[in-house]
Amino acid sequence: MQVSRRTQADRTAATRTALIAAGRRLFAEHGFAGVGTETIVSEAGVSRGALYHQFGDKTELFAAVLADVEGEITKHLAAEMFADADAAGDFVSLMMRSAEGWLEACQRPDVQRIVLLDGPSVLGWVRWRAICQANVLGLIEEVLAQGLRDGVLQPLPVRPLAHLLLAVADEAALYVGAAVEPDDARRDMVAIIRPLIEALIRPQAERSEEVR
């Protein structure tokens, strides 16, 4: 009985993985509206019933695909941000690594289409942001909260600040993605974002006074 249950769980997981992978490829290439369920199940090598059993409908599959893309980006950003142990405690360096990594990731067509363009329109802003909350937005909140605990960050509300910074990052990514010269546009955005991040730092005099 236990072997049977494990086998069924493995089959279910494999079906789910195949549908997400197929959905990700197709949504990235054609957009949500340009892909039918028959095409998805054919690409995944499963039945239409399997799609409905796993996700209910195409929209729910898209939500799972978005979470998959966001999760991948978040893992990459976290690895990039904390790769240099010497700079791990430098708030500005961490936030700039996050911004630069995000802009780089958003130059990928699948991220532009799934995360930035179709995500809000297909799922609505509230659900789109809820998925981001568990991924990239959550990572930004974590870094901001640590900066606040360390006394480096200005005493500002973390959650709305994280939303504001992610909105800046999203708009920057859309600008870079639409630019004729994306490399130049990305450099310009990085140059603009840095002073915005630096403005969040508490003056050294205030921090020194606290230490006394």
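You'll find the structure just up there.
Residues numbered from 1 in each chain as written. Predicted model: local features only at pLDDT ≥ 70, side-chain atom pairs only at ≥ 80, totals over all residues. Heavy atoms only, no water.

### Brief notes about the packing of aromatic side chains
Then comes step 1: What the rule picks out here adds up to three aromatic pairs.
Then comes step 2: Ring geometry for F27 versus F32: centroids 5.7 Å apart, planes at 35°, classification tilted. The residues F27 and F32 share a single accessibility class, namely buried.
Then comes step 3: For the pair F27 and F62, a centre-to-centre distance of 5.3 Å together with 70° between the ring planes defines the contact as edge-to-face. Of this pair, F27 sits in helix α1 (residues 2-30) while F62 sits in helix α4 (residues 58-81), and the two are 35 residues apart along the sequence.
Then comes step 4: Ring-pair connections join several aromatic residues into one group, and the members of that group are F27, F32 and F62.
Then comes step 5: The lysine or arginine in question, K58, covers the ring of F32, its NZ or CZ lying 4.1 Å from the ring centre.
Then comes step 6: Its end group placed over the ring of W128, R129 keeps NZ or CZ at 4.4 Å from the ring centre. (Phe/Tyr/Trp six-rings, centres within 6.5 Å; stacked < 30°, edge-to-face > 60°. Buried < 20%, exposed > 50% of the residue type's maximum accessible area, 1.4 Å probe, protein only. Helix = DSSP H or I, 4+ residues; strand = E, 2+ residues; numbered from the N terminus. Lys NZ or Arg CZ within 6 Å of the ring centre and 35° of its normal.)

### Quick word on the packing of helix α6 (residues 109-123) against helix α7 (residues 125-133)
Then comes step 1: Relative orientation of the contacting elements α6 and α7 amounts to 125°, with a least axis distance of 6 Å. The angle between the axes of α6 and α7 places the two elements in the oblique class. Across from V115, G119, P120 and L123 in α6, the residues of α7 making contact are W125, R127, W128 and I131.
Then comes step 2: Looking at the contact of α6 with α7 residue by residue, the class counts come to six nonpolar, one polar and one charged. (Axes fitted to C-alpha atoms, helices over the stretch in contact; angles between N-to-C directions. Parallel < 35°, antiparallel > 145°, perpendicular 65-115°, else oblique. Contact = heavy atoms within 4.5 Å. Nonpolar A, V, L, I, M, F, W, Y, C, P; charged D, E, K, R; others polar.)

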